[in-house]
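# A closer look at the structure
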Amino acid sequence: MLRSKTLQFPFELSKRLWLLVLVTACQNQISGPIKRVPAPEKPAAPAPTANPFGQFSPNQIYSASVKTHLKSKITDSAKLAASEKCEILEGTQIVLKVPPGSPVNKHWNIELQLKIPGCSLERGYLFAEHWRQAPSGGGNSADPCGFPSDLDVNVGKQLAQEASRLNIGRFTGRCYEYTGIAIENVGLMPKGAAAWKGVGVPVESAADFVQVEKSSVSDRFVRLRPNSWACLPEGTIVVWDRGVCGFNATHGHIEVVVSRSPSFPAETKLCSDGCQTLQTKCSINSGVSFFFPRKR
């Protein structure tokens, strides 16, 4: 019996010691504030790629901010064949048929309203970061176009009035003749085809009026380089190159701005033998030139 009690004592003591350790450990664990590990936060959704096209409008013009390409597929242009891409110069302007939609690898899948001169592609991919909305008049009273200071606005208005007065109300293939007469009547060019040739301006094709810039009467004209279709003052001589914007493939086209609509450029009116509204769907920087009377 004594032996049995002797063996039991250490066991009971050991049991009590373990209980004491456990109780002490639990008391020490909860005696201070409970530390909570915050749950991991979900990563923020990636910010959407900015849309340089802004609020889409079928009449809005978009301008290339650098030299870029229209491509048939989303691939580095250097890896594409010539038939799969078209080089687009800085400042070239376009109009789209439909909104460009969400970008894929920073490219927009687009369809042009009219082809870019010299480019066989009507749809394809544009690198979004190379494009911006072209400025417009916006209806502000302050003109944002920054016209050169040597424009002869009075002669420009006279030319606009003369072109409007002379037109016969229909296009007959004689746009150069009627525009030329208006230009002569305000004293910008000598009268008669022979006199034009004599100063270095060809008379066979409307597109050749651009040679006035190299002629002996070049000091009578300012070459305008407008940044948008809103920036054509009354009296601007607009020269379309051959085949550009649907005009004659052999001779091109020439006309004079007779009324300006900065807020709605597509309502700007031009006249030669007939009159029409401005072809804003075409690029303003490809295949079209602008001249205005210079102060003398």
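This text gives an overview of the structure that appears in the document. From a predicted model like this one, the values you see are computed outputs, not experimental measurements. (Residues numbered from 1 in each chain as written. Predicted model: local features only at pLDDT ≥ 70, side-chain atom pairs only at ≥ 80, totals over all residues. Heavy atoms only, no water.)

The next subject is the nonpolar core. Membership of the largest hydrophobic core comes to 28 residues, with the highest contact counts inside it found for Ile183, Met189, Phe209, Phe221 and Ile237. Counting only elements with at least two residues in this core, the list comes to helix H2 (153-166), helix H3 (175-185), helix H4 (193-199), strand S9 (237-240) and strand S10 (253-259). If you look at the next biggest cluster of nonpolar residues, it comprises 19 residues, including Leu151, Trp229, Trp240 and Cys282. (Core = buried A, V, L, I, M, F, W, Y, C linked by side-chain atoms within 4.5 Å. Buried < 20%, exposed > 50% of the residue type's maximum accessible area, 1.4 Å probe, protein only. Helix = DSSP H or I, 4+ residues; strand = E, 2+ residues; numbered from the N terminus.)

So, about the packing of aromatic side chains. In the structure shown here, the tally under the stated rule is 7 aromatic pairs. Arranged with centres 5.9 Å apart and planes meeting at 75°, the rings of tryptophan 229 and phenylalanine 290 form a pair that is edge-to-face. With a gap of 61 residues between them, tryptophan 229 in the loop between strand S8 (221-224) and S9 and phenylalanine 290 in strand S13 (residues 288-293) connect regions that are remote in the sequence. Each member of the pair, tryptophan 229 as well as phenylalanine 290, is classed as buried. Here the aromatic cluster, defined as three or more aromatic residues joined through ring pairs, consists of Tyr176, Trp196, Phe209, Phe221 and Phe291. (Phe/Tyr/Trp six-rings, centres within 6.5 Å; stacked < 30°, edge-to-face > 60°.)

This brings us to H3. With 8 of 11 residues buried, H3 lies mostly within the body of the structure. Regarding H3, the residues found buried are Cys175, Tyr176, Tyr178, Thr179, Gly180, Ala182, Ile183 and Glu184. The inward-facing, buried residues of H3 contact H2, H4, S8, S9, S10 and strand S11 (269-271). Once H3 ends, the next one or two residues include glycine 187, with phi positive near 85°. (Contact = heavy atoms within 4.5 Å.)

Within the secondary structure, valine 98 is located in the loop between strand S4 (93-94) and strand S5 (107-111). Owing to a relative accessible area of 44%, valine 98 belongs among the partly exposed residues under this scheme. Valine 98 sits 15 residues away from glutamine 113 along the chain, and the two C-alpha atoms are 8.8 Å apart.

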